[in-house]
Amino acid sequence: MSAFRISGFSGLVPRLAKHLLSSNQAQTATNCNLAAGDLRPRNAPLLVFSPQIDGEIRSMFRMEKDGSEKWLAWSRDVDVARSPVAGDTLQRFYYTGDGEPRTSNFEMATAGANAHSSACYVLGVTPPVSEPLVSASGGSGVATSRAYVYTFVTQWGEESQPSPASIVTSGKIDATWMISNLDAAPPNSGAITAVSRNSPVAGQMEISLDTVFGLRAHEEIQFESVSGMTDLNGRFILMSVDPVTKKVAISLSTDQLYAGGGRWERQAPHNTGGMNKRIYRTLTTSSGTEYRYVATLSGITKNYSDTVPDTVIALGETLPSTNWEMPPANMRGIVVLANGIAAAFAGNEVLFSEPFKPYAWPTSYRQTYDQEIVAIAAMGTTLVGMTKGNPFTLTGVEPVTMGGGMEKLGVAWPCMSKRGVANFAFGIGYPAPQGMVMIGTSSDIVTKDLFTQKEWSELNPDTFIATSADNRYYCGYSAGDSSLMFVIDKAEDASFTKINQNISCIWTDPITGKLYIATNKKIYEWEGDTGTKLFYEWKSKRFVTASPVNYGAGKIDADFKMTEEERAAAQSSYKETIAANQTLISSYSMDDGLADTCLGEYEIGGDATQDIPLLSIDSLQFQLWSDGVPKFTKQVKNNRAFRLPGGYKADNVEFVLSGNVKVNSVVLAETMDGLKQA
């Protein structure tokens, strides 16, 4: 007698024909939670934040201090790294992708109404450009010679590279040494003095400024109050900066004529509030000549009289920041390794910071690869680089000797999407044309048992936006005009499920482990609404028998009763949604008018209100298919066996479960007695 039982539900294996699947694998698995082996509905996402932002959310970051949760969101691809410095009460963080590399902290970033970082500084400290002038007067001791340099130091204790060294000056050892010509802190704004169209080439523009101190190519500048050439009023990326002529170049084509006026302002200002200067001078000891600390001055001080004896200087700090350069303005992909070294990339170069000093990026620490880098990721003290060709790894303790060079993997697995990279406990995963690559203790295409290259390409891996949570790969992708999600579970047996969810961003908080998504300019905690269950659909393999049979009975073991926790959560979700919708209605913020500015954000007749969640979790539909067409449909309300229609025989059957209740098993047999033997 023919019968079969399905338990231990699993997901899709797109590479296999539907009759070759294992008995518990699926042709369709949408909105299913299969982590425990049974078939469960996923919880709905829980709304946590609605930022005011232009465009869709592409990046997000959560901060918390003293129990206060704050969110940052960007419409750009932004990478954020928390400060590796122990005891950083300011909660500083560093980010790339929103213009030049930037830094901020909890108070600054969350002080305003903007969704993105409300206030920030450019990452790094611009060094002084003027060499100090030195003269010695008086004194009666032996003659000596000295050179001086000075640095800028921010209120956060970040120190710049030193200024150019002064001319070596001679004088008495106990003379008064006058140091002058010390730069003030670099300005964050200034005036436009002239504009030249189509210069240096057509489609570009040269703008003369009152000063270019602290400006670099690839930085973002706001121009405003320009008369005549109003096209110049806006935000632009600097293509070049000439410190001699004080001219910057931007890409702009316009027929307008410059009439005068105008100002410029940095989008990421220098951290000049409370800035100091440190003076260093040469001292010759048995180990050689080196710069030693002399004094700290306020940022506005331009002159200093040095009378400190060499015996005191000998006890002072040696100049630490000789090579502490600012990171290049086009640096991207910042991450922090377990050893406190920050890493990033620009073009085909990997860049490393001083350990626990994410503002200092010596050129000598850079390593060049022979292919363009798409993304990087940290795995302990190992950096994984994903490129347009072969991936590579770098491992080390000190940035100056990071692995002794790159280890190039001997296979071309190009990274198709920077936003599709995810960190797992066992490695770094990313989409390549061949499938999902996992680089860890060993490297391989880990989806080869799930997909052929053809099926993988149909997911459009160049559109992936992904993260990992619970060592599962959660990914949004675009297919045609639609956008969906899928989950790959590689912890045990391969499992692949789809989710009816359109997202623009996905992120896992490394502190809490919680997963968040963004859709329609709102941020949600993934599966955070325990009181609202999504409707799933799970379709079995095609079961083929040697000879045609008629399955006449079925039984589904499912949990139709809600627990007290589920009932309370459903009531809470219901009430909260009603209240939130009422607030929108009362404030006339439903965005439901055809002439509203939000036109196109919602379907016709739609609005900003949320769907009212169900108060019950008791829906389950069973369908029996044969020869590719449905033969029977039943709304199942309990665990009792039920009869299936007779009058036909078939050598193949499939069944479909859809609903929002947990299913433990399904049994089909030719007779009611046969159910007991399955």
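Structure shown above.
This section reports on the structure supplied with the text.

Conventions adopted
Residues numbered from 1 in each chain as written. Predicted model: local features only at pLDDT ≥ 70, side-chain atom pairs only at ≥ 80, totals over all residues. Heavy atoms only, no water. Core = buried A, V, L, I, M, F, W, Y, C linked by side-chain atoms within 4.5 Å. Buried < 20%, exposed > 50% of the residue type's maximum accessible area, 1.4 Å probe, protein only. Helix = DSSP H or I, 4+ residues; strand = E, 2+ residues; numbered from the N terminus. Contact = heavy atoms within 4.5 Å. Pairing = 2+ DSSP bridges. Axes fitted to C-alpha atoms, helices over the stretch in contact; angles between N-to-C directions. Salt bridge = Lys/Arg side-chain N within 4 Å of Asp/Glu carboxyl O. Phe/Tyr/Trp six-rings, centres within 6.5 Å; stacked < 30°, edge-to-face > 60°. Lys NZ or Arg CZ within 6 Å of the ring centre and 35° of its normal.

### Observations concerning the nonpolar core
Grouped together as the largest cluster of nonpolar side chains are 52 residues, with contacts concentrated most on Y473, I556, L620, F622, F655, L657 and V663. Here the element with the most residues in this core is strand β52 (residues 650-659); it accounts for 4 residues. For F622, the contacting residues outside a window of four places in its chain are I556, F632, T633, K634, V636, F642, L644, F655, V656, L657 and L668. Counting 23 residues, the second largest nonpolar core, distinct from the first, contains I57, M63, W71 and I523.

### Some thoughts on the sheet that holds strand β14 (residues 148-153)
Spatial ordering of the open sheet is given by β14-β24-β25, a layout of 3 strands whose pairing is antiparallel. Of all strands in the sheet, those with a lone pairing partner are β14 and β25 (288-298), marking the two edges. Geometrically, the sheet is characterised by an average inter-axis angle of 30° between neighbouring strands, direction not taken into account. In this structure, strand β24 (residues 276-285) lies alongside β25, joined through 10 bridges in antiparallel fashion. Bridge pairing links K277 to L297 in β25.

### Quick word on the pattern of salt bridges
A complete count under the given rule lists 35 salt bridges for this structure. A salt bridge links E349 to R366, with the shortest nitrogen-to-oxygen separation between them at 3.6 Å. Here the residue E349 occupies a position in strand β29 (residues 349-352), and R366 occupies one in the loop between β29 and β30 (367-368), the gap between them amounting to 17 residues. With a relative accessible area of 23%, E349 lands in the partly exposed category. The exposure class assigned to R366 is partly exposed, which follows from its relative accessible area of 24%. Taking the shortest distance from any N to any O, the salt bridge between D489 and R472 comes out at 2.9 Å. One end of the pair, D489, is in strand β41 (residues 482-489); the other, R472, is in strand β40 (residues 472-479), and 17 residues separate them in sequence. You'll find D489 and R472 in the same group, each marked buried. Salt bridges sharing common partners tie together R62, E64, E69, R82 and D509.

### Section: the packing of aromatic side chains
Evaluation of the coordinates by the stated rule reveals 31 aromatic pairs. Ring centres 6.1 Å apart and planes at 80° place the aromatic pair W324 and Y359 in the edge-to-face group. With W324 in the loop between α2 (310-313) and β27 (332-336) and Y359 in the loop between β29 and β30, this residue pair connects regions lying 35 residues apart in the sequence. Taken together, F424, F426, F451, W456, F464, Y473, Y477, F486 and F496 form an aromatic cluster joined through their ring pairs. The lysine or arginine in question, K539, covers the ring of W625, its NZ or CZ lying 4.1 Å from the ring centre. Against the face of F543 rests K541, its NZ or CZ located 5.6 Å from the ring centre.

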